[in-house]
Amino acid sequence: RAERTPLMAGNWKMNLDHREAVHLVQKLAWILQDKKHDFDAVEVVVLPSFTNIRSVQTLIDGDRLRIRHGAQDLSPHDKGAYTGDVSGAMLAKLGCSYVVVGHSERRQHHREDDTIVNAKLQAALRHGIRPILCVGEGLDVRKEGRHVEYTVGQVQAALDGVKAEQMSDVVIAYEPVWAIGTGEVATPDDAQEVCAAIRKVVGDRFGDDVARGVRVLYGGSVKASNVAGIMAKPDVDGALVGGASLDPEEFAGICRYY
Ligand code: PEP
């Protein structure tokens, strides 16, 4: 883990208006400063909805906050007749460092399959934005005991055509669907089992150096009270946090887990 900087990313989902978004970042920065958070030791990222990115960017740049921001989705295309879509080029202009691709809510509600997720991941890389690739099994797959092979299969499909030198920009988040927004957190051992398998498949494909450098996050009902146990596992390099990232005290507690 020594060579990987832990990453705590707050996925706000479809919540907050622009004033609430700015308020949340201000409070978060304030609390983290108070807790003497070491931003070099743990990277902090917020992922607002598209309509709030500009306000968050202005605040972060204006106050030189060491929090990074990103988006929750992007188009696989760079420009053109794609009504309602937002391109990687647009997000890059708004200073986005990260973008989520393949979140289970998009796979479910927008029927995004592995091919689309792969195209989105490639689009992010084209525009210098780090994709946070979400993978993870549903309850049925977990009950059948196929969670490792299922999740690893999603990783392989999403990384199709990606080159080894691009992998330093890729973050992978293991998010078991049954643990997202349910309060049902995977045990640290569950998280470790799949995160280690993800790192192994990255190693098989791109070599050990790439595998050692890639950050693998856990996501699913992470809170300040359960993050330390998860972060104690050697192959877990951070968390993708939904609900708890909307509460600045709680999210700051997650970021300051160490
Ligand atoms: C998520 O949406 O990525 C997530 C992990 O949500 P929650 O923390 O609310 O389970």
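Residues numbered from 1 in each chain as written. Predicted model: local features only at pLDDT ≥ 70, side-chain atom pairs only at ≥ 80, totals over all residues.

Draft legend 1. Structural detail: the pairing of strand 2 (residues 43–47). With 4 of 5 residues buried, strand 2 lies mostly within the body of the structure. The handedness of the strand 1 (residues 7–11) to strand 2 crossover, carried by helix 1 (residues 18–34), is right-handed. Note that the unit made of strand 2, helix 2 (residues 50–62) and strand 3 (residues 68–71) has a crossover that is right-handed. (Buried ≥ 20, exposed ≤ 12 C-beta atoms within 10 Å, placed from the backbone. Helix = DSSP H or I, 4+ residues; strand = E, 2+ residues; numbered from the N terminus. Right-handed = clockwise from strand over helix to strand, strands pointing away.)

Draft legend 2. Local environment of helix 2. Here helix 2 is 13 residues long and its end C-alpha atoms lie 19 Å apart, about the 18 Å a rise of 1.5 Å per residue gives. For helix 2, the complete set of buried residues consists of Asn52, Ile53 and Val56. Following helix 2 by one or two positions, Arg64 has its phi on the positive side, about 50°. (Expected span 1.5 Å × (residues − 1).)

Draft legend 3. Structural view of the environment of Asp61. With respect to the helices, strands and loops of the structure, Asp61 is situated in helix 2. On the basis of neighbour counts, which here come to 11 C-beta atoms within 10 Å, the residue Asp61 falls in the exposed class. Distance in space between the C-alpha atoms of Asp61 and Gly95 is 9.2 Å, their sequence separation being 34 residues.

Draft legend 4. Inspection of the UniProt feature "active site" (unreviewed entry) in the chain at higher detail. Under the UniProt annotation, the feature "active site" (unreviewed entry) is placed at His103 and Glu175. Spatial clustering of the annotated residues is evident: they stretch over 73 residues in sequence, but the largest pairwise C-alpha distance comes to 8.4 Å. Checked against the element boundaries, His103 lands in the loop between strand 4 (98–101) and helix 4 (104–109). Given 28 C-beta atoms within a 10 Å radius, His103 is considered buried. Discounting chain neighbours no more than four positions away, the residues touching His103 are Gln72 and Cys134. Residue position: Glu175 is located in the loop between strand 6 (171–174) and helix 8 (188–206). Classification of Glu175 as buried rests on a count of 29 C-beta atoms within 10 Å. The residues contacting Glu175, other than those within four sequence positions of it, are Ser104, Cys134, Gly136, Ile180, Gly219, Gly220 and Leu240. (UniProt positions renumbered as here; feature names shortened; annotations may be inferred. Contact = placed C-beta atoms within 7 Å.)

Draft legend 5. A look at the packing of helix 1 against helix 11 (residues 248–255). For the pair helix 1 and helix 11, interaxial distance at closest approach is 9 Å and the crossing angle is 45°. With respect to their mutual orientation, helix 1 and helix 11 come out oblique. Note on packing geometry: the crossing formed by helix 1 with helix 11 is right-handed. Residues Leu24, Lys27, Leu28, Ile31 and Leu32 of helix 1 lie in contact with helix 11, whose contacting residues are Pro248, Glu249, Phe251, Ala252 and Cys255. Looking at the contact of helix 1 with helix 11 residue by residue, the classes come out as 8 nonpolar, no polar and 2 charged. (Axes fitted to C-alpha atoms, helices over the stretch in contact; angles between N-to-C directions. Parallel < 35°, antiparallel > 145°, perpendicular 65-115°, else oblique. Left-handed = near helix turned anticlockwise from the far one by under 90°. Nonpolar A, V, L, I, M, F, W, Y, C, P; charged D, E, K, R; others polar.)

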